[in-house]
Amino acid sequence: MRVLFTPEDTQERHACLDHFRSTHGYQLGKKVAWFSGKQIVRPSDLESGRVFRDDHFNNIRFFSTFHINRRTFDHYWNALEAFAPEFLVGFPSSVCDICALAKERGLRASWVPRVFFPTAETVLPGHRALAEEILGCAVRDQYASSEGAPFIFECAAGRLHLQLLSGVFEVLDEDGQPAQEGELVVTSFTTRGTPLVRYRIGDRIRMAAQDAVCTCGSQQPLVQSLEGRPTDFVLSPENGRVNLGNLSNCTKGVAGILRFQVIQQEPAEVDVLVEHGAAFDSAEEAHFLDALRLRLGNGMAIRLQRVEEIPKEPSGKFRIVKNHLPQ
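Residues numbered from 1 in each chain as written. Predicted model: local features only at pLDDT ≥ 70, side-chain atom pairs only at ≥ 80, totals over all residues. Heavy atoms only, no water.

This part is about the layout of surface pockets. Put simply, the second largest pocket is a space of about 500 Å³. V123, P125, Q224, S225 and L226 are the residues nearest the centre of the second largest pocket, which is lined by 21 residues in total. Elements supplying a minimum of two residues to the lining of the second largest pocket: α5 (125–135), β13 (222–228) and α6 (244–248). Here the lining of the second largest pocket gets 5 residues from one element, more than from any other, and that element is β13. Of the residues belonging to the lining of the second largest pocket, the class tally is 7 nonpolar, 9 polar and 5 charged. (1 Å grid on protein atoms, 1.4 Å probe; cavity = no way out; pocket = protein on both sides within 12 Å on 5 of 7 lines; lining within 4 Å. Points joined across faces, edges and corners; volume = space filled by probe spheres on them. Helix = DSSP H or I, 4+ residues; strand = E, 2+ residues; numbered from the N terminus. Nonpolar A, V, L, I, M, F, W, Y, C, P; charged D, E, K, R; others polar.)

Turning to the environment of H127, a few remarks are in order. If you trace the backbone, H127 turns up in helix α5. A sequence separation of 32 residues divides H127 from V95, and the C-alpha atoms of the two residues are 8.6 Å apart.

This next bit is on the pairing of strand β14 (residues 233–236). Within a regular beta strand, the side chains point alternately toward one face of the sheet and then the other, so they alternate between its two faces. Pairing of β14 with strand β15 (residues 240–243) involves 4 bridges; the strand directions are antiparallel. Following the sheet pairing, V234 is matched in β15 by V242. Following β14, the chain reverses through 3 residues before pairing antiparallel with β15. (Pairing = 2+ DSSP bridges.)

Throughout the structure, instances matching the rule amount to 1 cavity of 30 Å³ or more. Empty space within the largest cavity amounts to approximately 30 Å³. Surrounding the largest cavity, F35, W77, L80, L88, V95, I98, C99 and L135 form its lining. Residue assignment for the lining of the largest cavity shows that the elements contributing at least two residues are α3 (73–83) and α4 (92–104). The leading source of residues in the lining of the largest cavity is α4, at 3 residues. The residue makeup of the lining of the largest cavity, split by class, is 8 nonpolar, no polar and no charged.

Taken together, the 4 strands give an open sheet; going across it, the order is β18-β17-β16-β19, and neighbouring strands pair in mixed fashion. Edge positions in the sheet fall to β18 (301–306) and β19 (321–323), since each of these pairs with one other strand and no more. When strand polarity is set aside, the average angle formed by the axes of neighbouring strands in this sheet is 15°. The sheet contact formed by strand β16 (residues 257–266) and strand β17 (residues 269–276) spans 7 bridges and is antiparallel. Pairing of I263 across the sheet is with D271, part of β17. (Axes fitted to C-alpha atoms, helices over the stretch in contact; angles between N-to-C directions.)

Look at helix α1 (residues 7–22): 22 Å from first C-alpha to last across 16 residues, which is about the 22 Å you get at 1.5 Å a residue. Along α1, the residues that are buried comprise D9, R13, C16, L17, F20 and R21. Looking straight down α1, one finds that the buried residues subtend no more than 130° of arc, so they occupy a single side. Exposed positions of α1 whose direction lies more than 90 degrees from the buried face are P7, Q11 and H19. (Expected span 1.5 Å × (residues − 1). Buried < 20%, exposed > 50% of the residue type's maximum accessible area, 1.4 Å probe, protein only. Arc of directions from axis to C-beta.)

Note that all results are geometric; they support no functional claim without further evidence.
Below, the structure written as structure tokens:
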């Protein structure tokens, strides 16, 4: 779908984002390292180690999210160290890929960033813990969409709030009825160019209890969790839907996994691709497989394959789960 924005749409959306970030200390002109799906690096740049482009006017260093791996890690880490950004914005998978490689080498950020603002992907507990450990900064999540969905922002107390000034949110169950958990349907106030009215954005959400109160003082409704897309799950013959969060927890207590991807094309089998370090030996592999079987059930055939690199999506994002079953 082609989406058009009016100048007013763009101004209002950027104002919402700037206000959100300002509540966490950001001001225009502060140093920002940005990780998004921009195609900014040529093959010749990789040879010279240039994995970024600088926007000197806005004090932003844009990093390529398509080339993060062991071979290029030093280029990314050195560029971050030299730039010393006060804030980071972008794909959590990309930032955490760098953090995972840094952890493998025993590195910690020598500068002190204040906040990492993830965008465009579901933030998993492992993402948050790793970024806080290696970068030493807070992680403050946000939700919107390239189409122009209303915003959901994380407050200083670490809770997610609907931003009702940006649009109307509906949470619907499988029968299309209002629910505390279900499909997110949005009507945006900032899409005059291509109006979004009761638009099925393709994500699921779980609301907090209606009487829940946040210590930050905001009266905006509280969100318990963002569940991501309906296809971000593996369908187990024994256990039904196993969601993204449960699968990501399989790495807890397992050493050496940089990242992994679960691909399901048949009802009773999955392929698991693993990028790993030296610590991922046969014992750690067995531990990881045990955790997967616990969640997917003994009736699920699990084929684990060690790979040098797991491809990213054309957008530059990384998907932990790729479910190809008919929906």
